[in-house]
Amino acid sequence: GRSAAASRLRPPQTATPARLDSGLRCTLRCSCEPSSEATSTTLCCSAKMNSAMFIAAFLAIVAIVLSILACVVDTSSEIEANWWPMFVVATYALAPFPIFVFGKTEDGGAATYWAYFTAGWIFAASFGIPFILAHSSVIALGNAVLSLAASTLVYGSVLGLGWYQAQDNSYSF
């Protein structure tokens, strides 16, 4: 009858882990119940991790909107809006690449230090580019402030997510 249909529509009381069929090893570990499958191929559901990822994604979207606003909003009567502040968005994409390529070497030699150095100056450039563009009167000061706010949100969300994962101790790269 009706109660049988209603019970089928209710979500299950315990979340069952979903198996990864792609063959990739997953290092996401949650505080779910242990299953009969290997933990390296099992993805557990974690509401706290999902909410942290949602907040980080929302902050990244707000940062991209601020970057676009830095390009299209006229904040000065002398300098019209232009797309020069979008160079900062390129630094968001370029900053992690040296560490991904050279940062995880086994010996920890010169390549690792060079990767961290290169990522550091790309990170610094994301804050320096708006100042240089505003100083040379390519963009207005208001547009530079919008671009700096976007950079602060992007890197703040990445650092916040990293801090949360370190505190939660349930996620490893």
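Residues numbered from 1 in each chain as written. Predicted model: local features only at pLDDT ≥ 70, side-chain atom pairs only at ≥ 80, totals over all residues. Heavy atoms only, no water.

**Some thoughts on the side chain of threonine 91**
For threonine 91, the position within the fold is in helix H3 (residues 87-94). Here the side chain of threonine 91 touches valine 88 through a polar contact of 2.4 Å, landing on its backbone oxygen. (Helix = DSSP H or I, 4+ residues; strand = E, 2+ residues; numbered from the N terminus. Polar contact = N/O pair within 3.5 Å; in protein donor to acceptor, adjacent residues only side chain to side chain.)

**Details of the confidence of the model for the chain**
The share of residues in the chain with pLDDT of 70 or more is 70%, and the mean pLDDT across the chain is 78. Counted against residues more than four places away or in other chains, residues 10-33, with its pLDDT under 50, gives 29 contacts. Per-residue pLDDT stays below 50 along residues 38-43; that stretch engages in 15 contacts with residues further than four places along the chain or on separate chains. (pLDDT = per-residue confidence, 0-100. Contact = heavy atoms within 4.5 Å.)

**A few points about unusual backbone geometry**
Positioned with a positive phi, serine 137 is a non-glycine residue whose angle comes to about 60°. Relative to the helices and strands, serine 137 is located in the loop between helix H5 (110-135) and helix H6 (141-168).

**Some remarks on the packing of H3 against H5**
Relative orientation of the contacting elements H3 and H5 amounts to 170°, with a least axis distance of 9 Å. Our classification of the angle between H3 and H5 gives roughly antiparallel. Residue-level contacts link Phe87, Val88, Thr91, Tyr92 and Leu94 of H3 to Ile122, Ala125, Ser126, Ile129 and Pro130 of H5. When grouped by side-chain class, the residues that make up the contact of H3 with H5 number eight nonpolar, two polar and no charged. (Axes fitted to C-alpha atoms, helices over the stretch in contact; angles between N-to-C directions. Parallel < 35°, antiparallel > 145°, perpendicular 65-115°, else oblique. Nonpolar A, V, L, I, M, F, W, Y, C, P; charged D, E, K, R; others polar.)

**Some words on the side chain of threonine 112**
Mapping threonine 112 onto the fold places it in helix H5. Among residues more than four places away in sequence, those in contact with threonine 112 are Phe102, Gly103 and Thr105.

**Some words on a nonpolar patch on the surface**
Together, Ile61, Ile64, Val65, Ile68, Leu69, Val72, Val73 and Trp83 give the surface a local cluster of nonpolar side chains, amounting to about 670 Å² of exposed area. Looking at the secondary structure, you find isoleucine 61 in helix H2 (residues 47-72). (Patch = residues over 30% accessible without salt bridge, like charges linked within 9 Å, V, L, I, M, F, W, Y side chains within 5 Å. Areas by Shrake-Rupley, 256 points an atom, 1.4 Å probe, with all protein chains shown as cover. Salt bridge = Lys/Arg side-chain N within 4 Å of Asp/Glu carboxyl O.)

**A closer look at the packing of aromatic side chains**
To describe a pair of aromatic rings, you give the distance between the ring centres and the angle between the ring planes. Inspection of every chain in the model, using the stated rule, returns six aromatic pairs. Ring geometry for phenylalanine 127 against tyrosine 155: centres 6.0 Å apart, planes inclined by 40°, an arrangement best described as tilted. Taken together, the residues phenylalanine 127 in helix H5 and tyrosine 155 in helix H6 connect sequence positions 28 residues apart. One aromatic cluster is present, formed by Tyr92, Phe123, Phe127 and Tyr155 through successive ring pairs. (Phe/Tyr/Trp six-rings, centres within 6.5 Å; stacked < 30°, edge-to-face > 60°.)

**As for the nonpolar core**
Formed by Ala63, Leu66, Val88, Tyr92, Ala95, Ile122, Ala150, Val154 and Tyr155, the largest nonpolar core amounts to nine residues. Elements supplying a minimum of two residues to this core: H2, H3 and H6. Here this core gets three residues from one element, more than from any other, and that element is H6. Setting aside its immediate chain neighbours within four residues, alanine 150 contacts Ala63, Leu66, Ser67 and Tyr92. In this structure, Met49, Ala52, Leu161 and Tyr164 belong to the second largest nonpolar core, which totals five residues. (Core = buried A, V, L, I, M, F, W, Y, C linked by side-chain atoms within 4.5 Å. Buried < 20%, exposed > 50% of the residue type's maximum accessible area, 1.4 Å probe, protein only.)

**Overview of the environment of asparagine 143**
By the secondary structure assignment, asparagine 143 is in helix H6. The class for asparagine 143 is buried, based on a relative accessible area of 4%. Along the backbone, asparagine 143 and valine 73 are 70 residues apart, and their C-alpha atoms lie at a distance of 7.3 Å. Those residues within four positions of asparagine 143 in sequence are excluded, and the remaining contacts are Leu69, Ala70, Cys71, Val73 and Thr75.

**Observations concerning H3**
Of the residues making up H3, those classed as buried are Val88, Thr91 and Tyr92. Buried residues in H3, looked at end-on, bunch into an arc of 105°, giving them a common side. (Arc of directions from axis to C-beta.)

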